[in-house]
Amino acid sequence: MKARLLPSVITMAIATTSAATLADEASYQSFDAHVHGEVALSLAQDGERVFIELTAPGNDVVGFEHQPKNAADQQAVEDAYALLRDGGKRFQLAEAANCQLAETKVTSSFDDYDEHHGHDEHHGHDEHHDHNEHHGHDEHHNHDEHYGHDEHHGHDEHDQGNHNTLSVNYQFVCQTPQAFTELKTDWFSLFPNTEAIKIQAVTDDKVWVDTLIRTKSHIQW
């Protein structure tokens, strides 16, 4: 099972449980909403394998959501990628479960960053590339007159109404999976713009939800 399949694993597992299981968490129904200060985390256990997928607003992780405009912005996203890739430190599974990080994948909707660094998972890369080519077309001169300045490229598409995010998939393999009964994170110390990490989980014996906050970064179940 690939980490990319995690959302469907979560969805199917929850769909087979009683609706009352999550009744007390009715306000937490979707990971699609983009809320500054909130990170959405899905967790699924399948025997010895544990999958974690999280999605965070760009503002939470790098401090902005516009496309990288200069070297400092590029470096901020680069630093964020480095921190997110180190999943074994960002999320520590129960020590007794003896889990090792087996796979990590970081993606983002920071198009300029992903295009510059050549990430295959770059969202909308082809569309963005075509847009650049369009700058060379004769009919684009009318657009320049309308925009009034060259640096407006992509402004309407990316900076108005769109919210850039970063997403991570982690896959852990545990030698003693039955001991996987706790999770802790250093997320809040690294990304202080985050106020809460909302968790929706499916472990081998239960479905549950919880919320991590700065003063509660360690949970057991």
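Residues numbered from 1 in each chain as written. Predicted model: local features only at pLDDT ≥ 70, side-chain atom pairs only at ≥ 80, totals over all residues. Heavy atoms only, no water.

**Considering the overall build of the protein**
- Looking only at helices and strands, the protein has nine helices and nine strands in total.
- Counting across all 221 residues of the protein, residues that qualify as buried make up 41%.
- Taking all contacts inside the protein whose residues are at least 6 apart in sequence as the whole, residues at least 24 apart take part in 70%.
- Surface exposure of the protein reaches about 11900 Å², of which carbon and sulfur atoms provide 46%. (Helix = DSSP H or I, 4+ residues; strand = E, 2+ residues; numbered from the N terminus. Buried < 20%, exposed > 50% of the residue type's maximum accessible area, 1.4 Å probe, protein only. Contact = heavy atoms within 4.5 Å. Areas by Shrake-Rupley, 256 points an atom, 1.4 Å probe, with all protein chains shown as cover.)

**Observations regarding the state of the cysteines**
- Overall, the coordinates contain one disulfide when judged by the stated rule.
- Disulfide pairing is shown between C99 and C174; the S-S distance is 2.0 Å. Its S-S torsion of approximately 105° makes the covalent link between C99 and C174 right-handed. Here the residue C99 occupies a position in strand 4 (residues 99-108), and C174 occupies one in strand 5 (residues 165-174), the gap between them amounting to 75 residues.
- Its relative accessible area of 1% is what places C174 among the buried residues. (Disulfide = S-S within 2.5 Å.)

**Notes on the packing of aromatic side chains**
- All told, the structure shown has seven aromatic pairs when counted by the stated rule.
- Taking 6.1 Å as the distance between ring centres and 55° as the angle between the ring planes, the aromatic pair formed by F91 and Y170 counts as tilted. Of this pair, F91 sits in strand 3 (residues 91-93) while Y170 sits in strand 5, and the two are 79 residues apart along the sequence. Considered together, F91 and Y170 belong to a single accessibility category, that of buried residues.
- Relative to W221, the ring of F180 lies with its centre 5.0 Å away and its plane at 85°, an arrangement referred to as edge-to-face. One end of the pair, F180, is in the loop between strand 5 and strand 6 (182-185); the other, W221, is in the segment after strand 9 (218-220), with 41 residues separating them in the sequence.
- A residue is classified by how much of its surface remains accessible, and W221, at 23% relative accessible area, is partly exposed.
- A network of ring pairs unites the aromatic residues F91, Y170, F172, W187 and F191 as a single cluster. (Phe/Tyr/Trp six-rings, centres within 6.5 Å; stacked < 30°, edge-to-face > 60°.)

**Overview of the sheet that holds strand 5**
- On the basis of which strands lie adjacent, the open sheet formed by six strands has the order 4-5-2-1-7-8 and mixed pairing. In this open sheet, the two edge strands, each paired with only one partner strand, are strand 4 and strand 8 (206-213). Neighbour-to-neighbour, the strand axes of the sheet open up by a mean angle of 15°, direction not taken into account.
- Pairing analysis gives nine bridges linking strand 4 to strand 5, with the strands arranged antiparallel. Considered in strand 5, the bridge of T104 is made with Y170.
- Relative to the sheet, helix 3 (residues 71-85) contacts strand 4 and strand 5, its axis offset from that of strand 4 by approximately 155°. (Pairing = 2+ DSSP bridges. Axes fitted to C-alpha atoms, helices over the stretch in contact; angles between N-to-C directions.)

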